[in-house]
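# Coordinate analysis (summary)
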Amino acid sequence: MTAPIYEDTRDSIFLHFYDRDTTKSLDSRVLQSSHDISSIYTARHSEVYSTFDPNYDGDSTILEDDSPYPEVRAAVANTDDPTMPSSTLRAWTLGVIWAVILPGLNQFFYFRYPSVTIGGLVAQLLIFPLGRLWARLCPDVSVFGVDLNPGPFSIKEHVLVTIMATVGAQSAYATDIIAVQRVFYHQTNSFIYQWMLVMSTQLIGFSIGGIARRFLVAPASMIWPNTLVSCALFNTLHSQNYAGVGQHEGISRERYFTYAFVAAVLWYIFPGYLFEALSVFTWVCWIAPTNVKINQIFGYRSGLGFSVLTFDWNQIAFIGSPLATPWWAEANVMIGFLFFYWFLTPILYGLKYTNVWYTQYLPVSSLMAYDNTGRSYNVTRIITPDASLDLAAYHAYSPLFLPASLVTSYGLSFLSITATVTHAVIHFWHPIRLHFKRSLREQPDVHAQLMSKYPQVPEWYYGCIFVVTFTFACICINVWPSGMTVWALVIALLISLVYIVPIGMIQAITNRQVGLNVLTELIIGFMIPGKPNAMMMYACSCFTPLLITQSDLLSHSFKTYGYITMSQAMQFTADFKLGHYMKIPPRPMFWCQIVATVIAGTVQLGVQSWMFENIPDICDRNQKDNFTCSSTEVFGTASIIWGVVGPKLLFSKGNAYYILAFFFLIGAACPVILWLITRRYPDTILNYLNFPLIFSGLDDIPPATAVNYVPWALFGFLFQYLLRRKHFAYWAKYNYVLSAALDAGTAIGVVLVYFCLQYPQNGSIGFHTVRQWWGNKVYKETMDWQSTPLLRPEPGEVFG
């Protein structure tokens, strides 16, 4: 038997193991108390912790048989009943049904802005009464030895069904490639190609995530804050009692959730239909709708967003629930936002005498690339008849110009790419090396000890999944005209493999993911030296004539296998952690994720095909129901930058954005400098700074804007700092329940509003009445909504 203690080093936040005969047991080192002290993220070095851990509350008492993190204690039970049924016929039947419904709905809303991801919280709520109904009405009989009604609907069954519903719930990124082929090429490839493409991109990430689980799931410090919301809701619905809730007199969690959920559903009718200006609350722009400077400062669509307010939870939680992310992580994100978007971007835009990169001729914030007349970049003018980049035509027509916010976004991506590497080397190298030598059953916290009783999934299971899906990928890129090659596929997967553990550790601690999209675009941009192949097609009406080439598709395919493989691995790993907290046996977890992913991807392909056939003007910027395909527009701009023009003409020496190349060096240096400072001054507040998080926390811009970040941070400060510090018992009992209620209620409200008021009768309900009143039009009648720049060249003149 072993006992965990912490080694006296600052490069690890993981438990190390020593023989009980040579070290003191944990029993003599913990503080003897049975209640939490109301405090907030002191993260000092305790008797147990000799390393700095930003999520660990140094003033809070540690219970020997529970997690050292108050967030985990507030949401997760520290007990298990191994006899409780989980993998039952009832669970699998409900899981398959929801693996059809939820991915289908999310695929439907994927092309809408603001998009709504209907996640596990909605599934949890609706699955619960269905499971109870099954237990009440289904006869207690067996078919081929399998019980149709194994008794009361258990919490473990509930978790298994929810994981099946959510593991493939988000729109598969590979469907974007298929959408691009359909919209830009007007091609519809065979279903087998589409299916193999989706399966390969989704399940390769699953195999990688499974192999990395020993680093990202078992250690107690990998808390995965977002999963705690689901845990709190599961325990609330099943009336589970567990330690760490805190002693707070008040209504039950069940009643609290019900009130908040109903209120969220009803409230969404206002910002979602009756008074849409509450969602885009650019109140200063309404006062001066024709003042360009005012609109650029206070506007949300193309401005800096100093209006601050929104009354739409859908906007507030667009980048994730502020009630689920630790405050110190939210503060890091906002440090990046305030410096780069509310300080640096206005400087770049507002230097009147230098006019850096001529940004004053463009909107402050936009998704598009522009030419030297201030119009959308017309790529057809720089392509030769044989589909190659014509450098002479490029120089004769116009350099490519990017809005200030997009320049900042790419600069931040360059910073985060190298900052993540050096941060991982400094802080995670030792635990990564340690866990290569250890197995899951050796993890010390109570949850890992309880999970060690179940048979684990052999590593070769994940290896088999990788071989099959890698074969699918090779078939797709060789049989059909994807533009991808096997060697490029291998490089993309290696990028994902190298980054998955450090990025996973950052996400598990901070609830924010570092993206690899720009890194993969940059690499493929240099791999394709500006000579696009044939098969050109013009874009749909959402763009000024935009050329999409075979090399653009290669770029998108490379990004899919490089970036989305890692991102999908994070989704699977988060589900593993949820199963870990809820004590779901690992082998049923494995198979339910595989089956649900296959079903979900197949359903999403069908839904996407139906949408393009039945929704008029889909992907038009002015589509009446906001199916504007903002993600497709972002890809269109990226295809110009990386696929057609290429990074060599933009970021190499002597070109417009060459200075951004130095951001790689700056990003690599920042964690090193911070580490040296904290080594010299170990008790400084700078311990909380996390440069990968500061740089990558703004990855959602674009299409996200200040309306999604500032209110998010304000709510985070209120709940994750003030309320947690001043009223810890209330926070522990209700915080994650409230987050679940607001997320689920808003998602249900969006579905009801769309299918009851916007979709029927071809959208004509209220078109001449409620849809035309001031509150639904005022925010669109501004210079902000029209993306008006500060300067315009005279007719016939150019800038740059």
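Residues numbered from 1 in each chain as written. Predicted model: local features only at pLDDT ≥ 70, side-chain atom pairs only at ≥ 80, totals over all residues. Heavy atoms only, no water.

## Describing the overall build of the chain
- Scanning the chain from N- to C-terminus turns up 29 helices and six strands.
- Out of the 800 residues in the chain, the part that is buried amounts to 62%.
- Sequence-distant contacts, at least 24 apart, represent 78% of the contacts inside the chain between residues at least 6 apart. (Helix = DSSP H or I, 4+ residues; strand = E, 2+ residues; numbered from the N terminus. Buried < 20%, exposed > 50% of the residue type's maximum accessible area, 1.4 Å probe, protein only. Contact = heavy atoms within 4.5 Å.)

## Digging into unusual backbone geometry
- In this structure, Val308 takes a positive phi of about 75 degrees despite not being glycine.
- Take Val308: it is sitting in the loop between helix H12 (292–298) and helix H13 (313–316).
- The phi dihedral of Tyr358 is positive, around 55 degrees, even though this residue is not glycine.
- Looking at the element boundaries, Tyr358 is found in the loop between helix H14 (327–350) and helix H15 (391–397).

## Overview of helix H26 (residues 663–680)
- Over its 18 residues, H26 extends 26 Å from the first C-alpha to the last, a length consistent with the 26 Å expected when each residue adds 1.5 Å.
- Three or more residues of H26 are buried, namely Phe663, Gly667, Cys670, Pro671, Leu674 and Thr678.
- Looking at the buried residues of H26, the elements they touch are helix H16 (404–427) and helix H27 (691–696). (Expected span 1.5 Å × (residues − 1).)

## Quick word on the pattern of salt bridges
- Summed over all chains, the structure comprises two salt bridges.
- When the shortest N-O distance is used, the salt bridge between Asp80 and Lys156 registers 2.8 Å. Remark: Lys156 occurs in helix H4 (residues 155–166) and Asp80 occurs in the loop between helix H1 (70–73) and helix H2 (89–109); sequence separation between them is 76 residues.
- One salt bridge connects Arg90 with Glu157, and the closest N-O pair in it is separated by 2.7 Å. Here Arg90 is found in helix H2, whereas its partner Glu157 is found in helix H4, with 67 residues between them in sequence. Glu157 carries the same exposure label as Arg90, and that label is buried. (Salt bridge = Lys/Arg side-chain N within 4 Å of Asp/Glu carboxyl O.)

## What to know about the packing of helix H3 (residues 120–137) against H4
- Remark: H3 packs on H4, axes separated minimally by 9 Å, with the N-to-C direction vectors making an angle of 135 degrees. If you check the angle between H3 and H4, you find them oblique. Once H3 is placed against H4, the crossing between them reads as right-handed. From H3, Gly120, Ala123, Gln124, Ile127 and Phe128 reach across to H4, where they touch His158, Val161, Thr162, Ala165 and Thr166.
- Its residues assigned to classes, the contact of H3 with H4 shows five nonpolar, five polar and no charged. (Axes fitted to C-alpha atoms, helices over the stretch in contact; angles between N-to-C directions. Parallel < 35°, antiparallel > 145°, perpendicular 65-115°, else oblique. Left-handed = near helix turned anticlockwise from the far one by under 90°. Nonpolar A, V, L, I, M, F, W, Y, C, P; charged D, E, K, R; others polar.)

## Focus on the confidence of the model for the chain
- With 75% of its residues at a pLDDT of 70 or more, the chain shows a mean pLDDT of 76.
- Mean pLDDT values over the elements of the chain span from 27, in strand S5 (residues 537–538), up to 93, in helix H11 (residues 283–287).
- Taken as a whole, residues 1–50 scores under 50 in pLDDT and shows 146 contacts with residues more than four places along the chain or in a different chain. (pLDDT = per-residue confidence, 0-100.)

## So, the packing of H4 against helix H8 (residues 225–237)
- Between H4 and H8, whose axes approach to 10 Å, the crossing angle comes to 140 degrees. It follows from the interaxial angle that H4 and H8 lie oblique. Considering the relative orientation of H4 and H8, their crossing is right-handed. Residues Ile155, His158, Val159 and Thr162 of H4 lie in contact with H8, whose contacting residues are Phe234, Asn235 and Leu237.
- Classifying every residue of the contact of H4 with H8 by side-chain character gives four nonpolar, three polar and no charged.

## Looking at the side chain of Thr359
- Along the chain, the position of Thr359 falls in the loop between H14 and H15.
- The residues touching Thr359, leaving out its near neighbours within four places in the chain, are Leu348, Tyr349, Leu402 and Ala404.

## Let's talk about the packing of aromatic side chains
- Evaluated as defined, the whole model comprises 49 aromatic pairs.
- Linked through ring pairs, Phe206, Trp460, Tyr461, Tyr462, Phe572, Phe576, Phe590 and Trp591 together constitute an aromatic cluster.
- Looking at Arg301, its charged tip hangs above the ring of Trp785, at a distance of 4.2 Å from the centre.
- The cationic tip of Arg724 hangs over the ring face of Trp731; the distance from NZ or CZ to the ring centre is 4.9 Å. (Phe/Tyr/Trp six-rings, centres within 6.5 Å; stacked < 30°, edge-to-face > 60°. Lys NZ or Arg CZ within 6 Å of the ring centre and 35° of its normal.)

## Quick notes on the environment of Gly320
- Note on placement: Gly320 falls in the loop between H13 and H14.
- In this structure the C-alpha to C-alpha distance between Gly320 and Asn226, which are 94 residues apart in sequence, comes to 8.6 Å.

## Examining a nonpolar patch on the surface
- Where nonpolar side chains cluster on the molecular surface, the patch consists of Trp267, Phe270, Leu274, Trp283, Ile287, Leu309 and Phe311 and spans about 660 Å² of accessible area.
- Contributions of two or more residues to the nonpolar patch are made by helix H10 (269–274) and H11.
- Counting through the fold element by element, Trp267 comes out in helix H9 (residues 253–267).
- According to the relative accessible area criterion, Trp267 is partly exposed, its value standing at 38%. (Patch = residues over 30% accessible without salt bridge, like charges linked within 9 Å, V, L, I, M, F, W, Y side chains within 5 Å. Areas by Shrake-Rupley, 256 points an atom, 1.4 Å probe, with all protein chains shown as cover.)

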